[in-house]
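Structure at a glance
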Amino acid sequence: MNVRRGDTVLVLAGKDRGKRGTVDRVEKTKRGFGVVIPGINMAKRHQRARSRTQSAGIIDLPVPIHVSNVQVVCPRCNQPTRIAHGKLEGEHGRRTRLCKRCGEQIEVTTK
Ligand SMILES: [Zn+2]
């Protein structure tokens, strides 16, 4: 998994191809991992009223895009890039991610 929450990614496929967005969520789907990006791959969902505060109607929801259809944008060179794996970091042993173009470590600020 090269894509993490908080990454800026470029969409490579689908109707939003060429757009950029920030990953809000990474989800496991039937076809592997998908990323949810606000404003990207929006779909209309028909929704019933479940409470007085939630009205029935058609709402727009972002649908997960398969990770293979996005590419991480390097924060330093501002270009979509492939990811190289660096050294292990921290006690959990996550690998650092490096930009294949400029070698910069790709940091993610997740709260
Ligand atoms: Zn770079």
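Before any of the text, the structure's been laid out above.
Note that this is a predicted model, so its numbers are computed, not measured.

1. Some details on the coordination of the zinc ion
- In the first shell of the zinc ion, the protein supplies Cys74 (SG), Cys77 (SG), Cys99 (SG) and Cys102 (SG), at 2.3 to 2.4 Å from the metal.
- Coordination geometry of the zinc ion: the four donor atoms subtend angles of 101 to 121 degrees at the metal centre, consistent with an arrangement described as tetrahedral.
- Spacing between the donor residues of the zinc ion along their common chain follows C-x2-C-x21-C-x2-C. Of the two residues, cysteine 77 sits in the loop between strand E8 (70-72) and strand E9 (83-89) while cysteine 102 sits in the segment after strand E10 (94-99), which places them 25 residues apart along the sequence.
- Assessed through its relative accessible area of 26%, cysteine 77 is described here as partly exposed.

2. Remarks on unusual backbone geometry
- Notably, asparagine 41 is not glycine yet its phi reads approximately 60 degrees, a positive angle.
- Accessibility expressed as a relative area gives 22% for asparagine 41, which makes it partly exposed.
- Phi at asparagine 78 takes a positive value of approximately 60 degrees, unusual for a residue other than glycine.
- Relative to the assigned elements, asparagine 78 resides in the loop between E8 and E9.

3. Describing the pairing of strand E4 (residues 32-36)
- Here five bridges tie strand E3 (residues 25-29) to E4, and the two strands are oriented antiparallel to one another. Residue pairing for E4: arginine 25 is matched across the bridge by valine 36.
- Following E3, the chain reverses through two residues before pairing antiparallel with E4.

4. Re the sheet that holds strand E7 (residues 65-66)
- The sheet built from three strands is open, its strands ordered E3-E4-E7 with antiparallel pairing. Where the open sheet ends on each side, the last strands, each with one partner, are E3 and E7.
- In the sheet, E4 pairs with E7 via two bridges, with the strands oriented antiparallel. What sits directly across from valine 35, in E7, is isoleucine 65.

5. A few points about the side chain of arginine 4
- On the secondary structure map, arginine 4 appears in the segment before strand E1 (8-11).
- Residue arginine 4 is classed as buried on the basis of its relative accessible area of 17%.
- The contacts of arginine 4, once residues within four sequence positions are left out, are Val23, Val26, Arg94, Arg95, Arg97 and Val108.

6. Quick notes on the nonpolar core
- Residues Val3, Val9, Val35, Ile37, Ile65 and Val70 are the most contacted members of the largest nonpolar core, which totals 15 residues.
- If you list the elements that add at least two residues to this core, you get E1 and E8.
- Leave out the neighbours within four places in its chain, and valine 70 touches Val3, Val9, Leu10, Val11, Leu12, Val35, Ile37 and Ile65.

7. A few points about a nonpolar patch on the surface
- Among the surface-exposed residues, Met1, Val26 and Phe33 lie close enough to one another that they form a single nonpolar patch of about 230 Å² accessible area.
- On the secondary structure map, phenylalanine 33 appears in strand E4.

Calculation rules
- Residues numbered from 1 in each chain as written.
- Predicted model: local features only at pLDDT ≥ 70, side-chain atom pairs only at ≥ 80, totals over all residues.
- Heavy atoms only, no water.
- Donors = N, O, S within 2.8 Å, 3.2 Å for Na, K, Ca; no water.
- Tetrahedral: all angles 85-135°; square planar, octahedral: opposite > 155°, others 65-115°.
- Helix = DSSP H or I, 4+ residues; strand = E, 2+ residues; numbered from the N terminus.
- Buried < 20%, exposed > 50% of the residue type's maximum accessible area, 1.4 Å probe, protein only.
- Pairing = 2+ DSSP bridges.
- Contact = heavy atoms within 4.5 Å.
- Core = buried A, V, L, I, M, F, W, Y, C linked by side-chain atoms within 4.5 Å.
- Patch = residues over 30% accessible without salt bridge, like charges linked within 9 Å, V, L, I, M, F, W, Y side chains within 5 Å.
- Areas by Shrake-Rupley, 256 points an atom, 1.4 Å probe, with all protein chains shown as cover.
- Salt bridge = Lys/Arg side-chain N within 4 Å of Asp/Glu carboxyl O.

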